[in-house]
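Analysis of the macromolecular model
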Amino acid sequence: MSALPGANSAADEYSAAWLVDGRGIVIARGQASGATQLWLGQCHGGGYRDLQPLRLSFNHADGQTLAPAVDQSTPAELLVSGSAPAPRAGKLDIYRMRAQAASGDNSCR
């Protein structure tokens, strides 16, 4: 077992999904405040670089967005759990979204 180079920080990382055979990754990163945000990284030179918050309307630094999973029936889509303004069935709900582009190389897997 080994840590994923570039994906870990001083925060807590958990719940990840690889995009396009590991060329990109989406991770859930938790803060001490209890907030959780999804981050997107691209593989370059054997590590994930330039992690940025995933572009999603309710993926805020003070919110709860978690559990990224690639939809195996439609690999270009992700399932995520979060709290969107609408439609809203509960505090956290499951949403389907188009996966962000993975532009990295294949040296991370």
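Attention in this report is confined to the structure presented alongside it.

1. Remarks on the overall build of the chain
Check the secondary structure of the chain and you find 0 helices and 7 strands. When the helices and strands of the chain are placed in sequence order, the string is β-β-β-β-β-β-β. In summary, the chain has a C-alpha radius of gyration of 14 Å against a globular reference of 13 Å for 109 residues, a match within 12%. Across its three principal directions, the C-alpha atoms of the chain cover 40 × 35 × 25 Å. Within the chain, the fraction of its 109 residues that count as buried is 43%. Long-range pairs, those at least 24 residues apart, make up 40% of the contacts in the chain between residues at least 6 apart in sequence. For the chain, the exposed area adds up to about 6,200 Å²; of that, 53% sits on carbon and sulfur atoms.

2. Notes on the nonpolar core
Leu19, Val26, Leu78 and Val80 are the most contacted members of the largest nonpolar core, which has 17 residues in total. At the level of secondary structure, the elements contributing two or more residues to this core comprise strand S1 (12-19), strand S2 (24-30), strand S3 (36-44), strand S6 (77-82) and strand S7 (93-98). Leave out the neighbours within four places in its chain, and Val26 touches Ser15, Ala16, Ala17, Leu19, Leu38, Trp39, Leu40, Leu54, Pro68 and Leu78. In terms of nonpolar packing, the next biggest core, distinct from the first, is built from 7 residues, Ile25, Ile27, Cys43 and Cys108 among them.

3. Notes on the state of the cysteines
Considering all chains together, one arrives at 1 disulfide under this definition. One disulfide bridge connects Cys43 with Cys108, the sulfur atoms lying 2.0 Å from each other. Its S-S torsion of approximately 100° makes the covalent link between Cys43 and Cys108 right-handed. Taken as a pair, Cys43 in strand S3 and Cys108 in the segment after S7 lie far apart in primary sequence, 65 residues in all. Considered together, Cys43 and Cys108 belong to a single accessibility category, that of buried residues.

4. Section: unusual backbone geometry
Note on backbone geometry: most residues besides glycine have negative phi, and most peptide bonds are trans. Unlike most non-glycine residues, Val20 shows phi in positive territory, near 45°. Along the chain, Val20 turns up in the loop between S1 and S2. Phi angles above zero are rare outside glycine, and Asp50 is one such case at about 50°. On the secondary structure map, Asp50 appears in strand S4 (residues 47-53).

Cut-offs and rules
Residues numbered from 1 in each chain as written. Predicted model: local features only at pLDDT ≥ 70, side-chain atom pairs only at ≥ 80, totals over all residues. Heavy atoms only, no water. Helix = DSSP H or I, 4+ residues; strand = E, 2+ residues; numbered from the N terminus. Rg over C-alpha atoms; globule rule 2.2 N^0.38 Å. Buried < 20%, exposed > 50% of the residue type's maximum accessible area, 1.4 Å probe, protein only. Contact = heavy atoms within 4.5 Å. Areas by Shrake-Rupley, 256 points an atom, 1.4 Å probe, with all protein chains shown as cover. Core = buried A, V, L, I, M, F, W, Y, C linked by side-chain atoms within 4.5 Å. Disulfide = S-S within 2.5 Å.

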